[in-house]
Amino acid sequence: MKDFILPPMLDDRDMGTKAKAGKPVTLTIDGFEVTVTEGTSVMRAAAELGIRVPKLCATDSLEAFGSCRLCAVEIEGRRGTPASCTTPVTEGMVVSTQSDKVRRIRKGVMELYISDHPLDCLTCSANGDCELQDMAGAVGLRDVRYKAPEDGGFVNHFKARNSSGEANPEWLPKDDSNPYFTYDPSKCIVCNRCVRACEEVQGTFALTIEGRGFDSRVSVGAENFLASDCVSCGACVQACPTATLQEKSIIEMGTPDRSVVTTCAYCGVGCSFKAEMQGDELVRMVPYKHGKANRGHSCVKGRFAWGYANHRERILNPMIRDSIDEPWREVSWDEAIGFAASKMRGLQETYGRKSIGVITSSRCTNEETYLVQKLTRAVFGNNNTDTCARVCHSPTGYGLGQTFGTSAGTQDFDSVEHTDVVIVIGANPTDGHPVFASRLKKRLRAGAKLIVIDPRRIDLVKSAHVAAAHHLALRPGTNVAVVTALAHVIVTEGLIDEAFIRERCDWDEFRHFAEFVSDMRHSPELTALLTGVDPAEMRAAARLFATGGNGAIYYGLGVTEHSQGSTTVMAIANLAMLTGNIGRPGVGVNPLRGQNNVQGSCDMGSFPHELPGYRHVKDADVREMFEAVWGRPIDPEPGLRIPNMLDAAVDGTFKGLYCQGEDILQSDPDTKHVAAGLAAMECVIVHDLFLNETANYAHVFLPGSTFLEKDGTFTNAERRINRVRKVISPRNGYADWEVTQLLANAMGAGWSYTHPAQIMDEIAATTPSFSGVDYALLEEKGSVQWPCNEAHPEGTPLMHVDGFVRGKGRFIVTEYVATDEKTGPRFPLLLTTGRILSQYNVGAQTRRTANTIWHVADLLEIHPHDAENRGLKEGDWVRLASRAGETTLKAMVTDRVSPGVVYTTFHHPDTQANVITTDYSDWATNCPEYKVTAVQVSPSNGPTTWQEDYAAQAERSRRILPAAE
Amino acid sequence: MSPEKMVHMANQIATFFKTQPGDATEKVASHIADFWEPRMRDQLRDYVDRGGSGLDRVVVDATALIR
């Protein structure tokens, strides 16, 4: 590897084998004394001293394998030359990493390797980043004596033909079926690192070694990589020491010359990556092994799907228009900002102070989000701010706030390594949070038990070397009934952790809850009619969770996006308190957050009722403090939530919206209603990378910058504040925080931030849970988890360790109430929605990458019985209709869904799954009920009139006039 | 917002708090005061003044407590 210029804190060397935890052991290597932890390999101990023992099959992301024999060393008092990667240190051990004997061995090993390897180093794509090349150098290989016999057959894997033109049966062509990397068998040294990475790191088991001895080679068990089980996480590519598995971008561009550590802008896992650069061009993204969320792993999106940053559809110039029927006009930043500011101020003059508002982005940085909510509060003078958490995890905020006293997830991701029983409810981690899923699967392979509560048979229920102990395939909409029934079993069978409850929770409230939940009507047997879950299975699951050791609950939008979303969150919190599973590693309540910075956008005061740090606007002390810092009065009344903004727009009292990095027309429910709301506004400002669907109704388009183009921070699902670092200049001219500042100043704000670090300082000064955070600390620590303050100067990996944030944990009665969205003769099926690995949210980014090869369109999953009743076959066009609207898409017949349930994704605007979803929402937070819609499915010939009209309107509204001379 | 939608939302809130210990009316009032923007509260009050058809009794009572 070339010498990168890394921030000085980073020791990025490959230490050969993994770090171990244990008591200290002291040994001597090459005359130097070193103390390491018990269980450490001799190879790693040497690396700690800066001594690099030659190696090929070892790398520190994998367990030692001991196959290449290159790392042989001599140890006093031991016979032979043990492999340093598989030999653990012992007290007083004396090791020599160099001697004539091991030198001869290593040279011999390398000579054999090279005898079956092409010598095209100069033109090889791994040139400069090839461990085989490095090792040949390190052992001083100067000659290869082994040659093919003159009259014999082929004895190598790398020549396609012999000199007489005869084909080599051992040679295999390069597989370039995967859009992001190639597999070139001729370069393979069969070190097994890729196979082990696929097993140990990713947990997919897509790769294996087939054949024996000289015939051994890496196999995907399919025609090629694309047709195999491979999920393109990149772990094998990362592990490969040669050019056998190589990023196509490296093949095209060559090796990078510098790297910058930054944070992925896809899901809420918040993986750390090294952005590897050539000048101002990104060559590749490599997962950063010191990243505390991902520990060196990645998924296909973060690792490879960054090409959207340079997609031809990216808009780089500001644009305006007076009416959405007109084409866009490209204008200068000054003109666009002036136009937007005067329109917004004009609307306030005509329709009142509260007639405009903002939607902050869960994809932008904390600093950017903070400024957007500050814009509405301090410049617009109202609290009309909301964010996409409204439509995903707002019930988490409410439910956990009520029970524990804070909306935060309780654990860090490392916690899963200590878990014994995992409940996954309403989440599909292998698709939605893939890197966390890999960490979870690793723990499951080590023996932890899994309970899946989901209407659909998600991959975790049964995949390679992982199987759920219990899959409770409930009927959509019955989460509260199921979780309450689990609590019923735990309470009535005497499985509660009474000591924990007495010490940590409000005992009177617990008694009230216990009385409620013990009622027979909550038993698995009586609720089975509603939930469709086998009572015996339910009881077994409850017993397992209560008695199986450390129990952790991970949940997603399948919990929150219901009429009773908040109630289910409370039921989950009850379950954790009942079983004492709070406040230590391996347990906890873990909301899996959807977007990269949805946690942060909530923390930063994006909600209309809360100032930064989750403090209600009615609280005069908090208002006064912000008023002092911001110099403007703050409205004490809550503002409009996203659905309320749209309702108010249709009513004619909400007229202007600044929407940053969010595509509400595609992502929010009941598309027709969203469109009507947007159409009723007089000034919609869309600030985004692309002309998204919402921009069809916009009057001002402000080009956004990607995460590669700005500094800032994202906060992931474990409350981890990670740095986002600018690796290239904004292609549109301004980072998003600068654009917001331009708009604010055009409206008289007088802001003068020159770097996001100053915004973070203001956040820290005003928000107690962030009071210890600044960029210097983040440089030093890499990342911190809030609360980070005087009491927790280095952040807080685990919440509620010594007591709940609210004092005593509060049990809340969770009565099941059926949703009003009911099936009937017209709409007999239940639609539920979700995601797929290769696409992200509305797809604005991933649809503009090669990821479309895996998912070109949304499909409707339907059970074979329901398909047969309707005369539907795999791949047929079907009409999907609800009381809200109808669309068409193609059917996928599968028993992953139960009879009576259909499922689709919402990644593609031409399907617009949300034209089907309704305006029903969570009782407490208005989080839409995406997960339950009564529908009918019938055969169709193709797109509906609505889809055709929509496409035509979208095309019309995206016209751009050439810029004026 | 359509009156049907408002009635549905308000009744959902009442449905939850009626299952909780304590005074549901007060809790519904405080939830609505905390989370509903003034024009939504105005609409609710107007609706109650005009008879409040379809609203849960608790919502009607709570409306009187909402500023």
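Residues numbered from 1 in each chain as written. Chains lettered and ligands numbered in written order. Predicted model: local features only at pLDDT ≥ 70, side-chain atom pairs only at ≥ 80, totals over all residues. Heavy atoms only, no water.

Here we take up the overall build of chain A. Scanning chain A from N- to C-terminus turns up 29 helices and 37 strands. Its C-alpha atoms give chain A a radius of gyration of 29 Å, within 12% of the compact-globule value 30 Å for 965 residues. Burial analysis of chain A (965 residues in total) assigns 64% to the buried set. As displayed, chain A has an accessible area near 33900 Å², and 50% of this comes from carbon and sulfur atoms. Once the 99 positive and 120 negative side-chain charges of chain A are each reduced to a mean point, those two points are 3 Å apart. (Helix = DSSP H or I, 4+ residues; strand = E, 2+ residues; numbered from the N terminus. Rg over C-alpha atoms; globule rule 2.2 N^0.38 Å. Buried < 20%, exposed > 50% of the residue type's maximum accessible area, 1.4 Å probe, protein only. Areas by Shrake-Rupley, 256 points an atom, 1.4 Å probe, with all protein chains shown as cover. Lys, Arg positive; Asp, Glu negative; His and termini not counted. Charge placed at Lys NZ, Arg CZ, Asp CG, Glu CD.)

All right, on to the sheet that holds strand E2 (residues 32-37) of chain A then. All names here are of chain A. Read across the open sheet, the four strands follow the order E2-E1-E4-E3; overall the sheet is mixed. Every other strand in the sheet has two partners, leaving E2 and strand E3 (74-75) as the edge strands with one partner each. The pairing of strand E1 (residues 24-29) with strand E4 (residues 94-96) spans two bridges and is parallel. What sits directly across from Ile29, in E4, is Val95. (Pairing = 2+ DSSP bridges.)

Let us now look at the interface of chain A and chain B. Each partner contributes to the interface: chain A provides 35 residues, whereas chain B provides 23 residues. With both sides pooled, the region where chain A packs onto chain B buries about 2400 Å², and carbon together with sulfur makes up 53% of that total. Among the ionic pairs, B:Asp34 bridges to A:Lys618, the shortest N-O distance being 2.8 Å. Run the count over chain A and chain B and you get eleven residue pairs in polar contact (both at pLDDT 80 or more). Every element with two or more residues in the side of chain A that touches chain B is listed here: helix H19 (565-578) and helix H22 (642-651) of chain A. In the side of chain A that touches chain B, the residues fall into twelve nonpolar, 13 polar and ten charged. (Contact = heavy atoms within 4.5 Å. Buried area = accessible area lost by both parts, 1.4 Å probe. Salt bridge = Lys/Arg side-chain N within 4 Å of Asp/Glu carboxyl O. Polar contact = N/O pair within 3.5 Å; in protein donor to acceptor, adjacent residues only side chain to side chain. Nonpolar A, V, L, I, M, F, W, Y, C, P; charged D, E, K, R; others polar.)

This part takes up the sheet that holds strand E33 (residues 877-881) of chain A. Residues and elements named next belong to chain A. If you trace the six strands once around the closed barrel, you get E31-E35-E32-E34-E33-E36, paired in mixed fashion. With direction set aside, neighbouring strand axes in the sheet form an average angle of 45°. Inspection of the sheet shows E33 paired to strand E36 (residues 933-939) by four bridges, in the antiparallel sense. Note on E36: the bridge partner recorded for Arg879 is Ser938. (Axes fitted to C-alpha atoms, helices over the stretch in contact; angles between N-to-C directions.)

This prediction gives chain A a mean pLDDT of 93; 98% of its residues lie at or above 70. Counting interchain partners and residues more than four positions distant, the pLDDT-below-50 stretch residues 1-6 of chain A has 17 contacts. (pLDDT = per-residue confidence, 0-100.)

Moving on, we get to unusual backbone geometry. Residue and element names in this part refer to chain A. Cis rather than trans, the peptide bond between Trp786 and Pro787 has omega equal to 0°. Along the polypeptide, Pro787 turns up in the loop between strand E30 (783-785) and strand E31 (829-834). Of note in the backbone geometry, Asp30 takes a positive phi value of approximately 50° without being a glycine. Positionally, Asp30 belongs in the loop between E1 and E2. The phi torsion at Arg719 lies on the positive side, around 65°, for a residue other than glycine. For Arg719, the position within the fold is in the loop between strand E28 (712-715) and strand E29 (720-724).

Right, let's talk about the packing of aromatic side chains for a bit. Residue and element names in this part refer to chain A. By the definition in use, this model includes 28 aromatic pairs over all chains. Pairing Tyr266 with Tyr308 gives two aromatic rings, centres 6.2 Å apart and planes at 70°, and the pair type is edge-to-face. Within this pair, whereas Tyr266 is found in the loop between strand E9 (258-263) and strand E10 (272-278), its partner Tyr308 is found in the loop between helix H7 (300-304) and strand E12 (319-320), the two being separated by 42 residues in sequence. Like Tyr308, Tyr266 is buried. Put simply, the rings of Tyr180, Phe181, Tyr183, Phe225, Phe304 and Trp854 touch in pairs and so form one group of aromatic residues. We note Arg456 situated over the ring of Tyr903; from NZ or CZ to the ring centre the distance is 3.9 Å. (Phe/Tyr/Trp six-rings, centres within 6.5 Å; stacked < 30°, edge-to-face > 60°. Lys NZ or Arg CZ within 6 Å of the ring centre and 35° of its normal.)

We now examine the pattern of salt bridges. All names here are of chain A. For the structure on display, the rule yields 61 salt bridges over all chains. Residue Glu111 is joined to Arg145 by a salt bridge in which the shortest nitrogen-to-oxygen separation is 2.6 Å. With Glu111 in helix H2 (residues 100-115) and Arg145 in the loop between helix H3 (131-139) and strand E5 (181-183), this pair connects stretches of sequence that are 34 residues apart. Owing to a relative accessible area of 5%, Glu111 belongs among the buried residues under this scheme. As a salt-bridge pair, Lys710 and Glu368 come within 3.0 Å of each other at their nearest N and O atoms. Residue Lys710 is located in the loop between strand E27 (700-703) and E28, and its partner Glu368 is located in helix H9 (residues 366-380); the two are separated by 342 residues in the primary sequence. Taken together, the salt bridges that share partners define one network made up of Asp12, Asp129, Glu247, Lys274, Glu276, Arg284 and Arg303.

This part is about helix H29 (residues 945-957) of chain A. Each full turn of the α-helix corresponds to 3.6 residues, which orients residues three or four apart in the same direction. All names here are of chain A. With 13 residues, H29 should reach 18 Å at 1.5 Å per residue; the first-to-last C-alpha distance of 18 Å fits that figure. Residues of H29 that are buried: Gln947, Tyr950, Gln953, Ala954 and Ser957. One side of H29 holds all its buried residues, which, seen down the axis, span an arc of 130°. Looking at H29, the residues exposed on the side facing more than 90 degrees away from the buried face are Thr945 and Glu955. (Expected span 1.5 Å × (residues − 1). Arc of directions from axis to C-beta.)

For chain B, per-residue confidence averages 94 on the pLDDT scale, and 99% of positions sit at 70 or higher. Among the scores for the predicted complex, ipTM is 0.96 and pTM is 0.94.

Further remarks concern the packing of H2(A) against H3(A). Residues and elements named next belong to chain A. Between H2 and H3, the least distance of the axes is 9 Å, while the angle of their chain directions is 140°. Both H2 and H3 take part in a crossing whose hand is left-handed. Residues Arg106, Lys107, Met110, Tyr113 and Ile114 of H2 touch H3, and the partners they reach there are Leu132, Met135, Ala136 and Val139. (Left-handed = near helix turned anticlockwise from the far one by under 90°.)

Let us now look at empty space enclosed by the protein. Residue and element names in this part refer to chain A. Going through the model one piece at a time under the given rule, you end up with ten cavities of 30 Å³ or more. The calculated volume of the largest cavity comes to roughly 420 Å³. Together, 32 residues line the largest cavity, and Gly426, Ala427, Asn428, Gly558 and Lys931 are the ones closest to its centre. For the lining of the largest cavity, the elements supplying multiple residues, two or more each, are helix H11 (429-432), helix H18 (557-560) and E31. Top contributing element to the lining of the largest cavity by residue count: E31, with three residues. When the residues that make up the lining of the largest cavity are grouped by side-chain class, the tally is eleven nonpolar, 14 polar and seven charged. (1 Å grid on protein atoms, 1.4 Å probe; cavity = no way out; pocket = protein on both sides within 12 Å on 5 of 7 lines; lining within 4 Å. Points joined across faces, edges and corners; volume = space filled by probe spheres on them.)

Residues and elements named next belong to chain A. Taken across its ten residues, H22 has eight buried, putting it largely inside the fold. Listed in full, the buried residues belonging to H22 are Ile642, Pro643, Asn644, Met645, Leu646, Asp647, Ala648 and Ala649. At the exit of H22 stands Gly652, carrying a positive phi of roughly 90°.

With that settled, the discussion passes to the packing of helix H3 (residues 38-49) of chain B against helix H4 (residues 57-65) of chain B. Residue and element names in this part refer to chain B. Orientation of H3 relative to H4, taken along the N-to-C sense of each, is 115°, at an axis distance of 10 Å. Crossing geometry of H3 relative to H4 is assigned as left-handed. Across the interface between the two elements, Leu44, Arg45 and Val48 from H3 touch Val59, Val60 and Thr63 from H4. Grouping the amino acids of the contact of H3 with H4 by side-chain chemistry returns four nonpolar, one polar and one charged.

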